[in-house]
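Structural overview
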Amino acid sequence: MHDATGVASVGWLMIALPLLGAAVLLLGGKALDKAGPYLAVLLSWAAFVIGLLIVLQLHGRGAEERSMHLHLYSWIPAGALNLDAGLLIDQLSTTFVLLITFVGSLIMVYSLGYMEHDPDKRRFFAYLNLFVASMLLLVLADSYVLLFVGWEGVGLASYLLIGFWNWNPAYATAANKAFFLNRVGDMGMILAMAIMFWAWGKLDFAGVNAAVAGTGKGTLLAIGLCLLVAACGKSAQFPLQSWLGDAMAGPTPVSALIHAATMVTAGVYLIVRSNVIFTASENARLAVCIVGAITLAAGAIIGCAKDDLKKALAASTMSQIGYMVLAAGLGPVGYAFAIFHLVTHGFFKAGMFLGAGSVMHGMNDQVDMRRFGGLSTVMKITWVTFGLGFLAIIGFPGLSGFWSKDKIIESAFVGEGWKPWVFGLTALLAAGVTAFYMSRLFFMTFMGKRRWTEDVHPHESPLTMTVPMMILAVGSAFLGLILGPTNIMTDWLEPVVGAHEEGHPVIGQYPLMAITVVLMIIGVAIAWKMYWRDDVPITPPVGSALTQAARRDLGQDDLNEAAFQRPGLHLTRSLVFFDNKVVDGGGNGLAAGIGGSSARLKKMQNGYVRSYSLTMLLGVVAILGAWWVVQ
Amino acid sequence: MTLTSYIYLSVVLFSIGAAVVLLRRNAIIVFMGVELMLNAANLAFVTFARMQGKLDGQVIALFVMVVAAAEVVVGLAIIMAIFRARRSVSVDDVNLLKL
């Protein structure tokens, strides 16, 4: 570990600049209504430039010298715990920095166009800046505690942004839901830190990583599971996934920023950052794999049934993050691929969300795909950019998703016993389902017959919106090709996540690739038949039991309500009853008893000398009598 | 006549004194009741001194007389002051200590 030098020594500016932007915009008042948004975008780009310079600086060094530590100040000097605030600038954190600042800044440029007529534009950009700053703090922190500060920061920013149009009660509820489910995850994070402190007395990454060797399996498993709970909350993984769909209530750039490119990836970051712990505990990794596999399957199934454009994309995000979590759970064979898929997914999913926003922009904010169709003729740029993202996510050979997702499927088939078959087949089949639901989404929106209502006049969005989409589309298409087959990604991350193990899948690499492509073609073909060639009914058909369940998010809300909300309600009700009757009753009864008896005793204080003397006399007699009896 | 008779007399005197203190309203009379109780106590002390053949009881009787004298001075002064303030020496009128 080296102390930061050169550009890296001012690495804190990456966090400070967007934070400053948020403060200026929030405090600046109406005077900044015009210039404020531009300032916010500028500061976000400035953070990107610093990040880029730092990566170039790291690139110039030897592979083992690329990890730098920037000490900021002594933060918590408290007895056994002596924690400094510092930034860890290494391959993993800088990868995230580039993704967050580049995609984030593009989305902010897009927001300039998308939010142009919103009266609260200034507040919106302030929150975006706050979000970027928190996310950067999250990935740059050198300890779990400082990471937690950023972790909470993105939670707050997402709450503010999802509920940005909070005059609509449904949107405000969605914001609350996201916040609550995130709090459940945060509890896991706090517990993980508590166990770490109990076991090792350390909370910084370097200290924790050094202490893992020689720790009992049970402790590591407990920490791993708590970290997994934290990751589930932030990354919308099973069983804490239900907030992501509702979170689409926020303005579309928010969905793109938070729910595709950055915040939901924080859980994957946390697991990969804690790779030493997870590598040491096989059972914890198994739990991570199971969660990832369930989520990727559930997300894919939900994605097939949704008619809401953004909610279908959200289900897809859930599914793709499931792939990353599965990869992270596979251990050393998967860590690098989890991050690789995260980076490419950040590009193509952000691009598609922005495309969805562009479609909504042209369609009077409609989101029902059954009312779209045939938009390819009127929104050519959106169609092409969205199409590249679509081809990337279904794993069209050569595009980004092909390189990253196939690597995860391949890794899932590595191992012994039942695990490679279960996880591998889940990932493989879900890839086919992904191809189906993404094609369904794409065909229903851009292809086939026009099903618009008469009052909409679709038109292409302004350049501030389309240019970011184009850049992201280029990234979606070619980023995988640049980073994947050249091993740039795995080599770059190796010092952080450990040497990449070449696994031997139980099915050969090339047959596997062929099966994946065939499944993809089948998925696309079915979707083509149902949603392009045949007419799409405007009112959704009743559908099978599975379709209905998927429309209801596979009953996750009902489950949460039955398993947590109602028992919790009953518990609090009975506690309130107990509090009123027993606790308050006891306290009030005691007070009433003392008050009543004192009111009676008060009458003895009548001020008459004679009654006092009688009291004294009786007292003396009583004492003497008692004394006589004792004698 | 045995010494026990003096004790009985002392008890009778004390009871009369106590009854006066408890029952009468006039502060002067109450005061006299107190004096009667003190005298009854003194009689008991002296009698006990004779019974034991020691001087302790007589010494205490002497102290009681001294204290009683002093008390009378202060007490009468207080009663005078109350009388001048309220034109009454009834102890029931002076119940300002009541809550």
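Note that the coordinates shown come from a computational prediction; the quantities given were computed from them, not determined experimentally.

1. With respect to the overall build of chain A
Broken down by element type, chain A carries 24 helices and 3 strands. Along the three orthogonal principal directions, the C-alpha set of chain A runs to about 110 × 60 × 60 Å. In chain A, once contacts between residues fewer than 6 apart in sequence are set aside, the share between residues at least 24 apart is 81%.

2. Some details on the overall build of chain B
Counting its regular elements, chain B contains 3 helices and 0 strands. Radius of gyration (C-alpha) of chain B: 16 Å, far over the 13 Å computed for a compact globule of 99 residues. Here the C-alpha coordinates of chain B stretch approximately 50 × 25 × 25 Å along the principal axes. Within chain B, the proportion of its 99 residues that are buried is 26%. Nonlocal contacts in chain B, meaning residues at least 24 apart in sequence, comprise 55% of its contacts between residues at least 6 apart. As presented, chain B carries roughly 6,700 Å² of accessible surface, and 72% of it is formed by carbon and sulfur atoms. Charge centroids of chain B, computed over 8 positive and 5 negative side chains, lie 5 Å from each other.

3. What to know about the packing of helix α18 (residues 419-446) of chain A against helix α21 (residues 509-533) of chain A
All names here are of chain A. Where α18 contacts α21, the axes come no closer than 8 Å and their chain directions differ by 30°. As judged from the angle between their axes, α18 and α21 are roughly parallel. Between α18 and α21 lies a crossing of right-handed hand. Contact residues: L428, L429, A431, G432, A435, F436, S439, R440, F443 and M444 in α18; I515, T516, L519, M520, G523, V524, I526, A527, W528, M530, Y531 and W532 in α21. Among the residues forming the contact of α18 with α21, the class breakdown is 17 nonpolar, 4 polar and 1 charged.

4. Digging into helix α14 (residues 309-329) of chain A
Residue and element names in this part refer to chain A. With 21 residues, α14 extends 30 Å from end C-alpha to end C-alpha; this agrees with the ideal 30 Å at 1.5 Å per step. Among the 21 residues of α14, 20 are classified as buried, and the element is accordingly described as predominantly covered. For α14, the side-chain oxygen to backbone nitrogen distance between the N-cap and K310 is 2.9 Å, and the N-cap itself is D308. Note on α14: the residue one or two positions beyond its end, G331, has a positive phi of about 90°.

5. With respect to the interface of chain A and chain B
For an interface, size is often stated in terms of accessible area lost upon the parts coming together. With 10 residues of chain A at the interface, the matching set in chain B holds 12 residues. Here chain A packs against chain B, burying approximately 1,000 Å² in sum over the two surfaces, 66% of which is carbon and sulfur. Of all residues in chain A, the largest losses of buried area upon contact with chain B belong to A:Q605, A:Y608 and A:R610, amounting jointly to 48% of the total for that side. Remark: the boundary between chain A and chain B carries 0 salt bridges. On inspection of chain A and its partner chain B, the count reaches 0 residue pairs in polar contact (both at pLDDT 80 or more).

6. Things to note about the pattern of salt bridges
Pairing is possible between side chains of opposite charge, provided their charged atoms come close. Residues and elements named next belong to chain A. Applying the stated criterion across every chain yields a total of 7 salt bridges over all chains. Notably, a salt bridge pairs R273 with D90, separated by 2.9 Å at the nearest N-O pair. Of this pair, R273 sits in helix α11 (residues 266-273) while D90 sits in the loop between β3 (81-89) and α3 (91-114), and the two are 183 residues apart along the sequence. Exposure remark for R273: the relative accessible area of 5% places this residue in the buried category. Here D90 falls in the buried class, since its relative accessible area comes to 3%. Residue D307 is joined to R440 by a salt bridge in which the shortest nitrogen-to-oxygen separation is 2.8 Å. With D307 in the loop between α13 (282-305) and α14 and R440 in helix α18, the pair connects residues that are 133 residues apart, well separated along the chain. An identical accessibility class is assigned to D307 and R440; each is buried.

7. Overview of the environment of A:G373
Residue and element names in this part refer to chain A. With respect to the helices and strands, G373 occurs in the loop between α15 (335-362) and α16 (380-393). For G373, a relative accessible area of 0% corresponds to the buried category. Apart from residues lying up to four places away in sequence, G373 is in contact with M444, T445, F446, M447, G448, K449, R450, R451 and W452.

8. Comments concerning the UniProt feature "transmembrane region" (unreviewed entry) in chain B
Residue and element names in this part refer to chain B. Here the UniProt feature "transmembrane region" (unreviewed entry) sits at residues 6-23, 28-48 and 60-83. Spanning residues 6-23, this segment combines 100% helix with 0% strand, and its end C-alpha atoms are found 25 Å apart. Between the end C-alpha atoms of residues 60-83 there is a gap of 33 Å, over a span that is 100% helix and 0% strand.

9. Overview of a nonpolar patch on the surface
Residue and element names in this part refer to chain A. A surface patch of nonpolar side chains, amounting to about 380 Å² of accessible area, comprises I381, L463, V467, M470 and I471. For the nonpolar patch, the leading source of residues is helix α19 (residues 463-483), giving 4 residues. Examined against the element boundaries, I471 turns out to sit in helix α19.

10. Focus: the side chain of A:T94
Residues and elements named next belong to chain A. Structurally, T94 is set in helix α3. Only 3.1 Å separates the side chain of T94 from the backbone oxygen of Q91, close enough to count as a polar contact. With residues near it in sequence (within four places) discarded, T94 still touches I54, V55, L58, I89 and W492.

11. A look at unusual backbone geometry
One non-glycine residue, A:A236, lies in positive phi territory at about 55°. Here A:A236 lies in the loop between α8 (217-235) and α9 (243-246). At B:R87, a residue that is not glycine, the phi angle is positive and equals roughly 55°. Relative to the helices and strands, B:R87 resides in the segment after α3 (56-86).

12. Description of the state of the cysteines
Residues and elements named next belong to chain A. Inspection of every chain in the model, using the stated rule, returns 0 disulfides over all chains. Not engaged in a disulfide, the cysteine C289 finds its nearest cysteine sulfur in C232; these two sulfurs lie 12 Å apart. Assessed through its relative accessible area of 4%, C289 is described here as buried.

13. Details of the packing of helix α1 (residues 3-23) of chain B against helix α2 (residues 27-52) of chain B
All names here are of chain B. Running from amino to carboxyl end, α1 crosses α2 at an angle of 160°, the nearest separation of the two axes being 8 Å. Relative to α2, the element α1 is oriented roughly antiparallel. Taken as a pair, α1 and α2 cross one another with a handedness that is left-handed. Tallied by class, the residues present in the contact of α1 with α2 amount to 20 nonpolar, 5 polar and 1 charged.

14. Considerations on the sheet that holds strand β1 (residues 2-3) of chain A
Residues and elements named next belong to chain A. Ordered in space as β1-β2-β3, the 3 strands form an open sheet in which the pairing is mixed. At either end of the open sheet lies a strand with only one pairing partner, and these are β1 and β3. Relative to β3, strand β2 (residues 68-78) runs antiparallel, the two sharing 9 bridges. Directly across from S74, in β3, lies its bridge partner D84.

15. Side note on the pairing of β3(A)
Judged by how many residues are buried, β3(A) sits mostly within the fold: 7 of 9 residues are covered. The antiparallel hairpin formed by β2(A) and β3(A) contains 2 residues in its connecting segment, where A:G79 sits at a positive phi of about 55°.

16. Things to note about the side chain of B:S10
All names here are of chain B. Assignment of secondary structure puts S10 in helix α1. Overall, the relative accessible area of 6% leaves S10 in the buried class. Of the polar contacts made by the side chain of S10, one reaches the backbone oxygen of A40; its length is 2.9 Å. In this view, S10 contacts A40, L43 and A44; residues no more than four positions away in its chain are not counted.

17. Overview of the environment of A:E454
Examined against the element boundaries, A:E454 turns out to sit in the loop between α18 and α19. Along the chain, A:E454 and A:S9 lie 445 residues apart, while their C-alpha atoms are 59 Å from each other.

Cut-off values and rules
Residue numbering note: each chain is counted from 1, following its sequence as written. Naming scheme: in the order in which they are written, chains are lettered from A and ligands are numbered from 1. pLDDT decides what is reported in this predicted model: residues at 70 or higher carry local features, side-chain atom pairs at 80 or more are listed and counted, and totals for whole chains, interfaces and linings draw on all residues regardless. Here the side-chain values reflect all heavy atoms present in the structure, with hydrogen atoms and water set aside. Working definition: helices are DSSP H or I runs of at least four residues, strands are E runs of at least two. Numbering for both runs from the N terminus. Contact between two residues is taken to exist if any of their heavy atoms lie within 4.5 Å; hydrogens are not considered. Our radius of gyration is a C-alpha quantity, and the globule rule it is checked against amounts to 2.2 Å times the number of residues to the power 0.38. Only protein chains enter the accessibility calculation, which uses a 1.4 Å probe; a residue is then buried when its area is under 20% of its type maximum, exposed when over 50%, and partly exposed in between. Note on areas: Shrake-Rupley, 1.4 Å probe, and residue coverage restricted to the protein chains presented here. In this tally, Lys and Arg are treated as positive and Asp and Glu as negative; His is ignored, and so are the chain termini. Where a charge sits is defined by one atom per residue type, namely NZ (Lys), CZ (Arg), CG (Asp) or CD (Glu). With axes taken as lines fitted to C-alpha atoms, and helix axes fitted only over the stretch in contact, angles between N-to-C directions fall between 0 and 180 degrees. Angle categories are assigned with fixed cut-offs, so that under 35 degrees is roughly parallel, over 145 is roughly antiparallel, 65 to 115 is roughly perpendicular, and the rest are oblique. Should the near helix be turned anticlockwise from the far one by less than a right angle, the crossing is left-handed, and should it be turned clockwise, the crossing is right-handed. Under this grouping Gly is polar, as are all residues other than the nonpolar Ala, Val, Leu, Ile, Met, Phe, Trp, Tyr, Cys and Pro and the charged Asp, Glu, Lys and Arg. A helix is expected to reach a length of 1.5 Å times the quantity of its residues less one. Here a polar contact is recorded for every N or O atom pair within 3.5 Å, except that within protein the pair must consist of a potential hydrogen donor and a potential acceptor, and residues adjacent in sequence are included only if both atoms are side-chain atoms. Once two parts are joined, some of their accessible surface, as seen by a 1.4 Å probe, is lost; buried area is that loss totalled over both. What makes a salt bridge here is a side-chain nitrogen of Lys or Arg within 4 Å of a carboxyl oxygen of Asp or Glu, nothing more. UniProt positions are given in the numbering used here, feature names are shortened, and annotations may be inferred rather than shown by experiment. To count toward a patch, a residue needs a relative accessible area above 30% and no salt bridge. Like charges then connect within 9 Å, nonpolar side chains (Val, Leu, Ile, Met, Phe, Trp, Tyr) within 5 Å. To count as a disulfide, a pair of cysteine sulfur atoms needs to be within 2.5 Å. One bridge is not enough; two strands pair if DSSP finds at least two bridges between them.

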